[in-house]
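# Reading the structure
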Amino acid sequence: KMDIKFLQTILNNLISSSMREVREDKDLLDSFSPNQFKSKLKLVEHVDKLNILTKKSEIVIFGSWYGSILIPAFYNKVKKITCIDQDAKVISRAKYNLFKDFNVDFITGDVFEFRDSYKNADLFINTSCEHMKSMKEWGPSPEYKNPWWDRVSPAYFAFQSNNMYDIEGHINCVSSIEEFKYQMPDKAEILVEDKIVDDRGTRFMLIGKI
């Protein structure tokens, strides 16, 4: 179950220790916004209800941004968290400022490049699907015969996209849950579908198994 007191303590410490960075970087402040809390904590709640994680589980977060909410939410529940984002500034700030005392792997790079850390992942999280190609296009690379989703199976996924077409960097928005389902890996078994409405639009969430 979600440890609310632990999450509140960690987030309070993060915000307190990061005030200088927040004043310098409004993007970091946005990562703690009510909209971000609402959508990401809903994802955590659904994952908790499915009871798919243990202390031995490993999580990979695609397009992790700062990891502001998801890292504290999952940190005391699993063995390992790996965060991947193309923005070196974001990864650096998360690694050396926000989570410098956390045992989290931070990688600057493209999530569409296959990595060893994917092989043992029990859960893939992507709350930034609108920023990249569809997850069904994740592999294969020419040097591999099998699609990457086959190579990491069995595993679970928790993905979010939205209909916020007017936001910079949103290159792959969707208008509905059904449209989002079309972007899922071919062998995906959908276990949870949900919608989260905020003041900018609707976020669509799919959680399932490969």
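Anything mentioned here points back to the structure above.
Because the structure is a prediction, the values reported are computed rather than measured.

### Observations concerning the overall build of the chain
Helix and strand content of the chain: nine helices and seven strands. By sequence separation, contacts in the chain at least 24 residues apart represent 65% of the contacts at least 6 residues apart.

### A closer look at the nonpolar core
Val 47, Ile 59, Phe 74 and Ile 125 are the most contacted members of the largest nonpolar core, which totals 33 residues. Excluding anything up to four places from it in sequence, Phe 74 contacts Leu 43, Val 44, Val 47, Leu 53, Ile 59, Ile 81 and Ile 125. Judged by nonpolar contacts, the second largest core, of 26 residues, contains Phe 112, Phe 114, Cys 129 and Ile 210.

### Here we look at the pairing of strand β5 (residues 156-162)
The element β5 is largely enclosed, with a buried count of six among its seven residues. With four bridges joining them, strand β4 (residues 123-126) and β5 adopt parallel strand pairing. Looking at the pairing, Asn 126 lines up with Phe 159 of β5. Of the pairings in the sheet, the one linking β5 to strand β7 (residues 201-209) comprises seven bridges and is antiparallel in character. Across the sheet, residue Phe 159 finds its bridge partner in β7, namely Leu 206.

### Some points on unusual backbone geometry
Cis geometry marks the peptide bond from Ser 153 to Pro 154; its omega dihedral reads 5°. Within the fold, Pro 154 resides in the loop between α8 (148-152) and β5. Although it is not a glycine, Trp 65 adopts a positive phi angle of roughly 60°. Within the secondary structure, Trp 65 sits in the loop between β1 (58-62) and α5 (70-74).

What counts, and where the lines are drawn
Throughout, residues of each chain are indexed from 1 in the direction in which the sequence is written. Totals for whole chains, interfaces and linings use every residue, but because this is a predicted model, local features are given only for residues with pLDDT of at least 70 and side-chain atom pairs only at 80 or more, for both listing and counting. Hydrogens and water molecules were not included; the side-chain quantities draw on all heavy atoms of the structure. The way it works is that DSSP assigns letters per residue, a run of H or I at least four long becomes a helix, a run of E at least two long becomes a strand, and they are numbered from the N terminus. By definition, residues are in contact when any of their heavy atoms lie within 4.5 Å. Grouping buried Ala, Val, Leu, Ile, Met, Phe, Trp, Tyr and Cys residues that are joined through side-chain atoms within 4.5 Å yields what is termed a nonpolar core. Exposed residues in this analysis have more than 50% of their type's maximum accessible area, buried residues have under 20%, and partly exposed residues fall in between, with area computed by a 1.4 Å probe over protein chains only. Two strands qualify as a pair provided that DSSP identifies no fewer than 2 bridges between them.

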